[in-house]
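# What the coordinates show
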There are 2 protein chains.
Amino acid sequence: MATLIAPSNHSPQADAEALQKAFKGFGTDEKTVIVILGHRNVYQRQQIRKAYEEIFQEDLIKRLESELKGDFERAVYRWMLEPADRDAVLANVALKSGKNYHIIVEISSVLSPEELLAVRRAYLNRYKRSLEEDVASHTSGHLRQLLVGLVTSYRYTGNEINARLAQSEAEILHEAVKEKKGSQEEAVRILSTRSKTQLIATFNRYREIHATSITKKLLDEASDDFQKALYTAIRVINDHVKYYEKVVRDAVKRLGTDEDALTRVIVSRAEIDLKIISEAYYKRNSVLLEHAVAKETSGDYKHFLLTLLGKED
Amino acid sequence: MATLIAPSNHSPQADAEALQKAFKGFGTDEKTVIVILGHRNVYQRQQIRKAYEEIFQEDLIKRLESELKGDFERAVYRWMLEPADRDAVLANVALKSGKNYHIIVEISSVLSPEELLAVRRAYLNRYKRSLEEDVASHTSGHLRQLLVGLVTSYRYTGNEINARLAQSEAEILHEAVKEKKGSQEEAVRILSTRSKTQLIATFNRYREIHATSITKKLLDEASDDFQKALYTAIRVINDHVKYYEKVVRDAVKRLGTDEDALTRVIVSRAEIDLKIISEAYYKRNSVLLEHAVAKETSGDYKHFLLTLLGKED
């Protein structure tokens, strides 16, 4: 369930003109930008961008970048991109940072096979290199194998489960946790090729055998980047709502707030399942996500995030 | 350039009825099957299949399988499948054979990124498992890394070349030929992520540095399945016409003829570039490909292959 509140009818031309008026003169009328763009779905935003280009011969996204600033600008910029293009940008920024590989894992593990392909296409269009090419040249060893395996995956999406396989592969994953030689490559094969339904059956089997979840085990024992990426992949595949709840929780809890993470989750999920993530957050923390966000952010950025979270103006 | 001769207008209904008549009674009129299906392009064949299903409530492909036999049946069956579906079947048969990994390399290296995706989709639909899942569970070590890397590739198709990269990666490939520890993984990364244009520049650079082509070097030194697969991948990427010419040459030269290989090339390329492959064959062997095929095959199978090769009835 989405949190975004968008009208069923709007005029892209009227929106484009109202935005242009908000940009005019000294200073920008940020409130208008938020009221309009914070209440339009992905299709409507693309239409506004097109109308703006036609009327003013100018790219709306470029104009927004020059009019806005700071966390607010970054959030609006990401919001305006089509989802696949946004994920391509997020992946590229993460790769260039030389850490944040969890974002690569997150994108490649949460999306459907066709959505992931759309990100790979968007990445090619934008950067003239393939996503896996950049992933591979920034990483090495087992971490590289896992990340490349995940971004190139195209999983079966049916519901059949092979119980025998779940049993044997739960054991292989256990060996990978224990860093048994050779098991890492098998873990990569399993995580990057099996269907999500099959993998969840495997994780469940693991819990039955070892009386603890594989993620708990990895959390205790993860010693290198490969195991950390494995940990993230398993968590996202197992329950992406729970995973996102934790990302948001860590982001607001941190001294100074992790705006990048907060923006990423809210912008990426507002039209998909942010309501469910928000409910999970409340259940876990006994605090409304809106309140936590309002407490940790300020100004236009705060106003924009709360709008995407479904707060009525 | 294709060799297939197909009329611009045909009636799918009339074709379906003529085929049904050819099946009727004791024995099959194979000549009619060849005259019709051997002169229809991929779109027309799908239309005939649809018309046949509508008129006779029967799958034409299943009926053909029961009416025909031997190499002729296998060739017609493959011809009737849509190209992506045909490649999915070829890949599956190769995997089950436990050898023939060169067919996996061939399919994944000759197709465009979008064509390869179509094969992965067809594979999922047909086998309820992903192609890479089956590749990974049939292989291990560097061979697995290379094959999975190739089947999951989605390369950049632009023409930019990075000369510095071509230089450094030519050296890495040389180390992989020499089996230097750690270089195999780098070779996999290069072969499965770089654009074909970039790779060809790298192979050219290799020749300049080492005064011999990397394929010659590999042919002399290839010691295991990984290096053999590397050899095939490089040959297909470098010049797939030359590669196919060799496949056909080996197929007809062999004592007993390799019908599977001969059928695969003719059926797969008849609508694409079989004329160019055929010209390359003539140039290399001073024998017309039609004559070589006619000499090594017989009966309906021969008649069908020659029809696909563009021989007028």
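The structure contained in this document is the topic of the report that follows. Being a predicted model, the structure only gives us computed values, none of them experimental. In this numbering scheme, every chain counts its residues from 1 along its sequence in written order. Lettering of chains starts at A and numbering of ligands starts at 1, both following the order in which they are written. Thresholds applied to this predicted model are a pLDDT of at least 70 for local features of residues and 80 or more for the giving and counting of side-chain atom pairs; totals over whole chains, interfaces and linings are not thresholded and use all residues. Heavy atoms from the whole structure form the basis of all side-chain values; hydrogens and water molecules are not counted.

### A look at the relation of the copies chain A and chain B
Least-squares fitting of chain A to chain B yields an RMSD of 0.0 Å, with the transformation described by 0.0 Å of translation along the axis and a rotation of 180°. In the structure described here, the two chain copies are related by an operation that fits a two-fold rotation axis. The C-alpha atom lying nearest the rotation axis in chain A is that of Thr152(A); the distance is 2.7 Å. Comparing interface residues between copies, 100% of those in chain A also sit at the interface in chain B, which points to an isologous, same-surface contact. Overlaid copies result from least-squares superposition on C-alpha atoms, with residues included only where pLDDT is at least 70 in both. By the convention used here, residues are in contact when the closest approach between their heavy atoms is within 4.5 Å.

### Some thoughts on empty space enclosed by the protein
For cavity detection a 1 Å grid was placed over the protein atoms alone, and a set of points counts as a cavity when a 1.4 Å probe fits there but cannot get out; an open set counts as a pocket when protein lies on both sides within 12 Å along at least five of seven lines, with lining residues being those that have an atom within 4 Å of a point. Grid points are joined across faces, edges and corners, and a volume is the space filled by probe spheres set on the points. Taken as a whole, this structure holds one cavity of 30 Å³ or more when the rule is applied. By volume, the largest cavity is sized at about 350 Å³. As for the largest cavity, its lining consists of 22 residues, of which Gln145(A), Val148(A), Gln145(B), Val148(B) and Val188(B) are closest to the centre. Helix numbering and strand numbering both begin at the N terminus, where a helix is a DSSP run of H or I of at least 4 residues and a strand a DSSP run of E of at least 2. Secondary-structure elements contributing two or more residues to the lining of the largest cavity are helix 10 (141-151) and helix 12 (183-193) of chain A together with helix 10 (141-151) and helix 12 (183-193) of chain B. Residue classes follow a fixed rule: Ala, Val, Leu, Ile, Met, Phe, Trp, Tyr, Cys and Pro count as nonpolar, while Asp, Glu, Lys and Arg count as charged, and any other residue, Gly among them, counts as polar. Residues of the lining of the largest cavity, tallied by class, amount to six nonpolar, 10 polar and six charged.

### Thoughts on the side chain of Thr215(A)
Residues and elements named next belong to chain A. With respect to the helices and strands, the residue threonine 215 is situated in helix 14 (residues 214-221). Exposed residues in this analysis have more than 50% of their type's maximum accessible area, buried residues have under 20%, and partly exposed residues fall in between, with area computed by a 1.4 Å probe over protein chains only. Residue classification places threonine 215 among the buried residues on the basis of a relative accessible area of 18%. Of the polar contacts made by the side chain of threonine 215, one reaches the side chain of serine 213; its length is 3.1 Å. Polar contact is the term for a pair of N or O atoms within 3.5 Å; when the atoms are in protein, one must be able to donate a hydrogen and the other to accept it, and sequence-neighboring residues count only if both atoms are side-chain atoms.

### Brief notes about the pattern of salt bridges
Here, a salt bridge means any Lys or Arg side-chain nitrogen found within 4 Å of an Asp or Glu carboxyl oxygen. Counted by the stated rule, this structure contains 51 salt bridges over all chains. Residue Arg45(A) is joined to Glu271(A) by a salt bridge in which the shortest nitrogen-to-oxygen separation is 2.9 Å. One end of the pair, Arg45(A), is in helix 3 (residues 42-56); the other, Glu271(A), is in the loop between helix 17 (259-269) and helix 18 (274-285), and 226 residues separate them in sequence. By relative accessible area, Arg45(A) is classed as buried at 0%. The partner of Asp273(A) in a salt bridge is Arg269(A), with the nearest N and O atoms 2.9 Å apart. With relative accessibility at 7%, the residue Asp273(A) sits in the buried group. A network of salt bridges, in which partner residues are shared, links Glu133(A), Arg144(A), Glu169(B), Glu186(B), Arg189(B) and Arg194(B).

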